[in-house]
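# A look at the structure
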Amino acid sequence: MGASSSPAPGVFSPMLTDGSVSDAEIMLRVKTGDQSAFEYLVQKYRRPIVSFMYRMARNAAAAEDLAQEVFLRVYRSRESYEATAKFTTWLYRIATNLAVNHARDTRHERPEVQVSLDEPDEDTGTTLEVPDSSLNAEQAIVRRERMMAIRQKVEALPEQQRLAVIMHKYQQMDYKQISEVLKKSESATKSLLFRAYETLREQLKEFV
Amino acid sequence: MKCEQLRERMPDVAAGLSEATAAESSHLASCISCAEQFKAMQETMALLDEWQVPEPSPYFDVRLQARLREEMAKPQAGWAMRWFRQPVIAAALTVIIGIGVGLFFSQGPRIHNSQPMLAQNADPGSAVGDLQTLDNNHDLYANFDLLDDMDLQQDVTANP
Ligand SMILES: [Zn+2]
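Here we summarise the structure given alongside this text. Since we're looking at a predicted model, the values are computed, not measured.

### Some thoughts on the interface of chain A and chain B
- Every contact between the two is made by 47 residues of chain A and, on the other side, 36 residues of chain B.
- Note on chain A versus chain B: buried area summed over both sides is about 4,300 Å², and carbon and sulfur give 63% of it.
- Interface area lost by chain A to chain B is led by Gln68(A), Lys169(A) and Phe194(A), which between them contribute 14%.
- For the interface between chain A and chain B, the tally reads 8 salt bridges.
- In this assembly, chain A and chain B are joined by 16 residue pairs in polar contact (both at pLDDT 80 or more).
- Elements that contribute at least two residues to the side of chain A that touches chain B include exactly helix 3 (35–56), helix 4 (60–76), helix 6 (137–155), helix 7 (159–170) and helix 9 (186–203) of chain A.
- It is helix 3 of chain A that provides the largest number of residues to the side of chain A that touches chain B, a total of 10 residues.
- Of the residues belonging to the side of chain A that touches chain B, the class tally is 21 nonpolar, 8 polar and 18 charged.

As structure tokens, this is what we get:
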């Protein structure tokens, strides 16, 4: 490690300078009690897991809570972790199970579709988009409506299609990874995605 | 290349996860039906890009760290292992086992008479005896709970 590239404090530095170390190997270090290895995995995956949960959960507070729960479960399961699958497959399986159970538990609740994009969310103090000063009020309203429509149409997809779309479109996972998380064949995953995108194209055509 | 093969690949290519191969590109250039479908899918992908979500809030990291600290402070092994690993509890168990052995030998009428204090115990196996055992065990468990709590407190202070 060169002194010129001193890592940020709290970041698991040996791994960052050695690209050959896989996350599965890092998870095996967590298993042996290496807490800095766990810290590294949290730093690496906090944004993707939070964004995954924002799109799966009904409100912002639940999304962040579920994302925290993912990391707690990773930590709790460290002793039983086996590097048989890719770390991300295992991670997204945990996240998927949590998100699906949450969706089933709260399916009678009204989804937070009326959330304001400009005013901070009451629970988290966040806004649902980066304020864009280049838009006038009317454009902002149009944009908000489009975003709400997209969200509603994705939410209305059957569970497996919705999971596949969110992993594919927003988590940039390929067919193989998604099929492993969903425990489906690759061809079944392909047709799942194709059908989902066809439905979305049909339902969102007024916005294109 | 068949239309079906290309359509299987379309979501990955339209989402930018994968580059179209030469064969796929030439099919798209010659097949109007596939080309239209591909264009529509690209438009859908572009529309889906508009659904943005915020960054994790500052509250997220604070809360996660607190929950993790709580999790890390928890003793790892099961309760049985913990009991035997604690010297205080091991000593306590030795004493308890000792008393148990003493009780066992006190059951004979001879020893029973010579130890009036223990004579107040009902015969083991009788209903009263069972209740007494349950009662004693309750105290025992209560004490272990107390020790566990102390144990946890020590862990918390040891891992701030
Ligand atoms: Zn074709």
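### Structural notes on helix 1 (residues 3–14) of chain B
- Its 12 residues give helix 1 of chain B an end-to-end C-alpha distance of 15 Å, which sits within 8% of 16 Å, the value for a rise of 1.5 Å per residue.
- The complete set of buried residues in helix 1 of chain B reads Leu6(B), Met10(B), Pro11(B), Asp12(B), Val13(B) and Ala14(B).
- Looking at the buried residues of helix 1 of chain B, the elements they touch are helix 7, helix 8 (175–182) and helix 9 of chain A together with helix 2 (22–30) and helix 3 (32–48) of chain B.
- Trailing helix 1 of chain B by a residue or two, Gly16(B) shows a phi angle of about 80°, which is positive.

### Observations concerning helix 9 of chain A
- In this model helix 9 of chain A runs 26 Å from its N-terminal to its C-terminal C-alpha over 18 residues, within 8% of the 26 Å that 1.5 Å per residue would give.
- Those residues of helix 9 of chain A hidden inside the fold are in contact with helix 6, helix 7 and helix 8 of chain A together with helix 1 and helix 3 of chain B.

### Points about the nonpolar core
- With 79 residues, the main nonpolar core has Ile49(A), Phe52(A) and Met53(A) as its most contacted residues.
- If near-sequence neighbours (up to four positions away) are discounted, Ile49(A) is found in contact with Ala67(A), Val70(A), Phe71(A), Leu91(A), Tyr92(A) and Ala95(A).

About the thresholds
Residues numbered from 1 in each chain as written. Chains lettered and ligands numbered in written order. Predicted model: local features only at pLDDT ≥ 70, side-chain atom pairs only at ≥ 80, totals over all residues. Heavy atoms only, no water. Contact = heavy atoms within 4.5 Å. Buried area = accessible area lost by both parts, 1.4 Å probe. Salt bridge = Lys/Arg side-chain N within 4 Å of Asp/Glu carboxyl O. Polar contact = N/O pair within 3.5 Å; in protein donor to acceptor, adjacent residues only side chain to side chain. Helix = DSSP H or I, 4+ residues; strand = E, 2+ residues; numbered from the N terminus. Nonpolar A, V, L, I, M, F, W, Y, C, P; charged D, E, K, R; others polar. Expected span 1.5 Å × (residues − 1). Buried < 20%, exposed > 50% of the residue type's maximum accessible area, 1.4 Å probe, protein only. Core = buried A, V, L, I, M, F, W, Y, C linked by side-chain atoms within 4.5 Å.

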